[in-house]
Amino acid sequence: MIGARSLAAVIALLEGVRGLVPLTAGGAAARFSAHGWAPGGRPRNGVETSWDKDGVSAWIQTFDGGTVCVSFAVWIRDVDASDYFDDLDAVYERGERVLAGFLPEIEGSALAGHLVAAERTAADEDEFIEVAKWTIDGRILTAGVIQQDTDLPVMVVVGLEQPGPQL
């Protein structure tokens, strides 16, 4: 499972970036640095985009239209040496248990007073094995189990997304 320090580091960062209005890549990078995350040496447009702390990897992504997303991989199960899992269903179940253990941490944090449960979309159902989703001050907070391709790891991810301006 994920360590208490790892959970605390993710929650503290989420609380820190929640106060950024608007959420920008530069502002998020400053929060990562202030919270003691180590840069991963992947700057983009002059901003460090890859971070690590207490066994958790994190990224800052900026998309066309101005959307900014801060995401964390709090649990990763890599494919084995033969490029497949011995028991994929067991890996998915383990990811779901890790997610179930992490959700109370989010819902019991200082973020709780700002969280509003959000409906899952068809895209969420296609992308995630299991997912929980909230809105928080006009942003989208998602926590879920994901495997983006059959030869990629299964991960428990958490992401805070600031949608770009609606044109």
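Not measured: the values here are computed from a predicted model.

1. Some details on the packing of aromatic side chains
Inspection of every chain in the model, using the stated rule, returns 4 aromatic pairs. Members of the aromatic cluster, connected to one another through ring pairs, are Phe32, Trp37, Trp51 and Phe72.

2. Some thoughts on the pairing of strand β10 (residues 154-162)
Summarising burial for β10: 8 of the 9 residues are buried, a large majority. In the sheet, strand β6 (residues 68-77) pairs with β10 via 9 bridges, with the strands oriented antiparallel. Along β10, the bridge assignment pairs Val68 with Gln162. In this structure, strand β9 (residues 139-146) lies alongside β10, joined through 7 bridges in antiparallel fashion. Residue Gly144 lies in a different strand from β10, and its bridge partner there is Val157.

3. Concerning the layout of surface pockets
Approximately 730 Å³ is the volume attributed to the largest pocket. Sort the elements by how many residues they give to the lining of the largest pocket and β10 lands first, with 6 residues. Looking at the lining of the largest pocket residue by residue, the class counts come to 14 nonpolar, 9 polar and 5 charged.

4. Quick word on the environment of Thr121
The topology assignment puts Thr121 in the loop between β7 (115-117) and α4 (122-127). Sequence separation between Thr121 and Lys133 is 12 residues; the distance between their C-alpha atoms is 9.8 Å.

5. Structural notes on the sheet that holds strand β1 (residues 38-39)
Pairing is antiparallel in the open sheet, where 8 strands are placed in the order β1-β4-β5-β6-β10-β9-β8-β7. Among the strands making up the open sheet, the edge pair consists of β1 and β7. Those strands touched by helix α1 (residues 4-18) are β4 (50-53), β5 (56-62), β6, β8 (128-136), β9 and β10, and its axis lies near 170 degrees from that of β6. The strands touched by helix α2 (residues 25-34) are β4, β5 and β6; relative to β5, the strand with the most contacts, the crossing angle is about 160 degrees.

Conventions and cut-offs
Residues numbered from 1 in each chain as written. Predicted model: local features only at pLDDT ≥ 70, side-chain atom pairs only at ≥ 80, totals over all residues. Heavy atoms only, no water. Phe/Tyr/Trp six-rings, centres within 6.5 Å; stacked < 30°, edge-to-face > 60°. Buried < 20%, exposed > 50% of the residue type's maximum accessible area, 1.4 Å probe, protein only. Helix = DSSP H or I, 4+ residues; strand = E, 2+ residues; numbered from the N terminus. Pairing = 2+ DSSP bridges. 1 Å grid on protein atoms, 1.4 Å probe; cavity = no way out; pocket = protein on both sides within 12 Å on 5 of 7 lines; lining within 4 Å. Points joined across faces, edges and corners; volume = space filled by probe spheres on them. Nonpolar A, V, L, I, M, F, W, Y, C, P; charged D, E, K, R; others polar. Contact = heavy atoms within 4.5 Å. Axes fitted to C-alpha atoms, helices over the stretch in contact; angles between N-to-C directions.

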